[in-house]
Amino acid sequence: MSSKKIEVPNHIAVVMDGNGRWAKQRGLPRTAGHEAGEKVLFELVEAAIKFGVKEMSAYAFSTENWKRSPEEVKFLMGYSRQSLRNRRDRLHDLGVKVQWVGRPQRLWKSVIEELQDAEELTEKNKKFTLNMCVNYGGRAEIIDAAAELARDVKRGKVKADSITEKTFEKYLYSPKMSDVDLFLRSSGEQRTSNFLPWQATYAEFVFMDVLWPDMNPDQLWKAIEEYSERDRRFGKA
Ligand code: FPP
């Protein structure tokens, strides 16, 4: 760790990639990789709180993940439900507000209920926000927002000529979500994969050559240090 003052990002988005490869390397089923990855997610939430981060968005299940085998989809649904139930009290004690960000269509009703229970329990917490992106797709989010906005224009609630970015943001799944500062992807892949395209427009991207289940608080801090060294100009000279 250098002695230079570190600029800690307010909002970190994480693409938790590499669970399958981590399991394969060990001769384990892919599901064992997701189990290990789940533990890492919550370990990093606790570390992020200690580092002074205020918000984290986790890409837990994308709208494209339905293309995986029925067994893996079933596992991910059941395991997400169980994870949310097991973790919510600890998250609540830590002052974490849990927010579900995603599309209801196709998502298991029992998973939605678990997400809503966690949201209800933690809704007044202010220390940290954890956006659980489940059945999330960036293009789907923008299309859903555009469709609802178009309906409101038709109803006469909004004038098409006065639509601004602020107007549009109100129609996103989670209008209160802040812009992403640090977009972190594990496993060496350098793609954004449809994650938070609207919110991560000015994010700094850090791609780590570490499989998600091998991530730890030191690795997270390394990513924060790399972020801190970037020169963010937001279009200014
Ligand atoms: C990507 O790795 C990982 C996922 C699609 C699932 C991530 C889910 C968790 C960590 C479980 C936590 C979820 C909740 C709701 C608490 P991959 O399977 O694409 O890995 P690979 O690229 O090595 O195959």
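Description of the structure in this document. Counting from 1, residues in each chain are numbered in the order their sequence is written. Restriction of local features to residues with pLDDT of at least 70 applies here, the model being predicted, together with a cutoff of 80 or more for giving and counting side-chain atom pairs; totals for whole chains, interfaces and linings are based on all residues. As a rule here, side-chain values come from all non-hydrogen atoms in the structure, and water together with hydrogens is ignored.

## A look at the side chain of Gln199
Spelled out, the test is: Helix and strand assignments follow DSSP, with helices taken as H or I runs no shorter than four residues and strands as E runs no shorter than two, numbered in order from the N terminus. Under the scheme applied here, a residue whose accessible area is under 20% of the maximum for its type counts as buried, over 50% as exposed, and between as partly exposed, the area being computed with a 1.4 Å probe on protein chains only. Contact criterion: two residues are considered in contact whenever any of their non-hydrogen atoms come within 4.5 Å of each other.
Relative to the helices and strands, Gln199 is located in the loop between strand 5 (182-185) and strand 6 (204-207). Look at Gln199 and you get buried, because its relative accessible area is 3%. Apart from residues lying up to four places away in sequence, Gln199 is in contact with Tyr136, Glu141, Leu172, Met177, Ser178, Asp179 and Val180.

## Comments concerning the sheet that holds strand 1 (residues 11-15)
Here is the rule we go by: Any two strands are treated as partners once DSSP identifies two or more bridges connecting them. Interaxial angle, 0 to 180 degrees, is taken between N-to-C directions of lines fitted to C-alpha atoms, where a helix line uses only the stretch in contact.
Pairing is parallel in the open sheet, where six strands are placed in the order 3-4-2-1-5-6. Single-partner strands in this sheet number two, and they are strand 3 (96-101) and strand 6. Pairwise comparison of adjacent strand axes, ignoring direction, gives a mean angle of 20° for this sheet. With seven bridges joining them, strand 2 (residues 55-62) and strand 4 (residues 128-136) adopt parallel strand pairing. Bridge assignment links Tyr59 to a residue of strand 4, and that residue is Cys133.

## Observations concerning the packing of helix 2 (residues 30-51) against helix 3 (residues 70-93)
The following threshold applies: Put simply, angles under 35 degrees are roughly parallel, angles over 145 are roughly antiparallel, angles from 65 to 115 are roughly perpendicular, and the rest are oblique. For any pair of crossing helices, the crossing counts as left-handed if the nearer helix is rotated counterclockwise from the farther one by less than a right angle, and right-handed if it is rotated clockwise.
Their axes nearest at 11 Å, the elements helix 2 and helix 3 cross at an angle of 25°. Regarding the angle of helix 2 to helix 3, the classification is roughly parallel. The crossing of helix 2 and helix 3 is right-handed. The segment helix 2 lies against helix 3, with Arg30, Thr31, His34, Glu35, Glu38, Lys39, Phe42, Val45 and Glu46 engaging Glu72, Phe75, Leu76, Tyr79, Ser83, Arg87, Arg90 and Leu91.

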